[in-house]
Amino acid sequence: TEAIGLYNLGQSCCLNSLLQVFLMNIHFTGILRRITVPSSPAQRRNNVPYQMLLLLEKMQCGKCKAVGPTDLACCLSEHRVKLFVQHDAAQLFLTLWNLLKKQMKKPELVEELSDLYTICIQEHLACQNCSFEIKSNSSMLTLPLAVLDASSHRLKTLEDCLQCFFHPEELTGQNMCFCQQCGRKTTFLQSMKLVHLPQTLTLHLKRFCFERSSHTHKLSHYLPFPQELDFNEVLTENQCQADDTEKATWQYELFAVVAHSGSTSCGHYCAYIRSLTECKWYCFNDSEVCQVSWDDVKCTYGHSSLYWRETAYLLMYMKKKPQ
């Protein structure tokens, strides 16, 4: 009864894939089931969490192979989410999450939703001429990972992408910063340090490359990602700003892959999701749902000469249960 498809309403494959990723996450649905139901019919029609809950209940009736997310789509359009257009999965994921957070009235549910998805990073800026340093914490919903290094060479693994994100960068020339201690612009070293990782971690592989000519093309080269990911093995001590208790929870298992096929101007999304109750992989392709193998999921690693084939775009990892 879990693997139910969603009918395509017209270029709604991106929305359908993200809805499946949300609703197959039992930690998320546990929060969704405890929302306050809006009092008036008009409020219920325009409330994203409530409409998502209705869709979940419709899917769990299990009477048909697919259901239509029409009411939820209409609700989203009231919140300026365009229908019948191609969306970028990373941007739409952020939009959906912000609407959910904004419309969940109970403070404890908002906090739980934040704990479930929010990454905490500390940014360091250090003057290379004196001891002046700036530290600031920021929260992110996804880790945006470049798939090319600073010299535009292809990165070979997901671990390389993570290392590249946390690698210090020297800000020189036009990028120099003003140092309050030196009283002038100087060279700074910018670095990111990992402070906190959530229960459900979302990694965004930046496969769409924007050129100066405003032309966008897709980077489809081979980039493998593991089923299990331990950040303690990927990052160095200097790239972390966390105690041992926090670091002990940094072991993850792959939960879902949102994959993109086609080109930047004409593409399609589907989702590969591991059922948390059955531990089986499923492919959710709009109304079609089928069980797949890990080898099928690995087909989203990418292939340079087949840019129109499915390529992983969003990776969702879930914390492993402590032994």
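Residues numbered from 1 in each chain as written. Predicted model: local features only at pLDDT ≥ 70, side-chain atom pairs only at ≥ 80, totals over all residues. Heavy atoms only, no water.

Caption draft 1: The arrangement of the overall build of the chain in detail. For the chain, the count of helices and strands is eleven helices and 18 strands. On C-alpha atoms alone, the chain measures out to a radius of gyration of 21 Å, which is about the 20 Å that the 2.2 N^0.38 rule sets for 323 residues. Along the three orthogonal principal directions, the C-alpha set of the chain runs to about 70 × 50 × 45 Å. Per-residue burial over the chain gives 48% buried out of 323 residues. Long-range contacts, defined as pairs at least 24 residues apart, comprise 67% of the intrachain contacts of the chain with a sequence gap of at least 6. In the form shown here, the chain has an accessible surface area of approximately 16,200 Å², with 50% of it arising from carbon and sulfur atoms. Distance from the positive charge centre (31 side chains) to the negative charge centre (31 side chains) of the chain: 6 Å. (Helix = DSSP H or I, 4+ residues; strand = E, 2+ residues; numbered from the N terminus. Rg over C-alpha atoms; globule rule 2.2 N^0.38 Å. Buried < 20%, exposed > 50% of the residue type's maximum accessible area, 1.4 Å probe, protein only. Contact = heavy atoms within 4.5 Å. Areas by Shrake-Rupley, 256 points an atom, 1.4 Å probe, with all protein chains shown as cover. Lys, Arg positive; Asp, Glu negative; His and termini not counted. Charge placed at Lys NZ, Arg CZ, Asp CG, Glu CD.)

Caption draft 2: The arrangement of the side chain of Q239 in detail. Summarising the element assignment, Q239 is placed in the loop between helix 9 (231-234) and helix 10 (244-247). Overall, Q239 belongs to the buried group, its relative accessible area being 6%. Here the side chain of Q239 touches F166 through a polar contact of 3.5 Å, landing on its backbone oxygen. Of note is the side chain of Q239, whose polar atom sits 2.9 Å from the backbone nitrogen of T236. Here Q239 is in contact with Q163, F166, H167, M192, K193 and L194, once residues within four sequence places are set aside. (Polar contact = N/O pair within 3.5 Å; in protein donor to acceptor, adjacent residues only side chain to side chain.)

Caption draft 3: Representation of the sheet that holds strand 9 (residues 188-196) in the model. Pairing in this open sheet of four strands is antiparallel, and the strands run 4-3-9-6 from one edge to the other. Looking along the sheet, the strands with just one partner apiece sit at the ends: strand 4 (133-140) and strand 6 (169-171). Each adjacent strand pair in this sheet contributes to an overall mean axis angle of 30 degrees, direction not counted. (Pairing = 2+ DSSP bridges. Axes fitted to C-alpha atoms, helices over the stretch in contact; angles between N-to-C directions.)

Caption draft 4: Expanded view of the pairing of strand 5 (residues 143-146). Taking every second residue as pointing to the same face, the buried face of strand 5 carries L143 and L145, while none of P144 and A146 on the other face is buried. Sheet topology places strand 5 next to strand 10 (residues 200-206); four bridges connect them, and they run parallel. Bridged to L145 within strand 10 is L205.

Caption draft 5: Broad picture of the nonpolar core. One finds F28, Y117 and L314 to be the most contacted residues of the largest nonpolar core, which totals 55 residues. In contact with F28, other than residues within four places in its own chain, are F22, L23, M52, L100, L113, L116 and Y117. One finds L223, V257, A259 and Y301 within the second-largest nonpolar core, a separate group that totals 40 residues. (Core = buried A, V, L, I, M, F, W, Y, C linked by side-chain atoms within 4.5 Å.)

Caption draft 6: Representation of unusual backbone geometry within the structure. One non-glycine residue, Q11, lies in positive phi territory at about 55 degrees. For Q11, the position within the fold is in the loop between strand 1 (5-6) and helix 1 (13-23). Q11 sits in the partly exposed class, given a relative accessible area of 43%.

These figures capture arrangement, not role.
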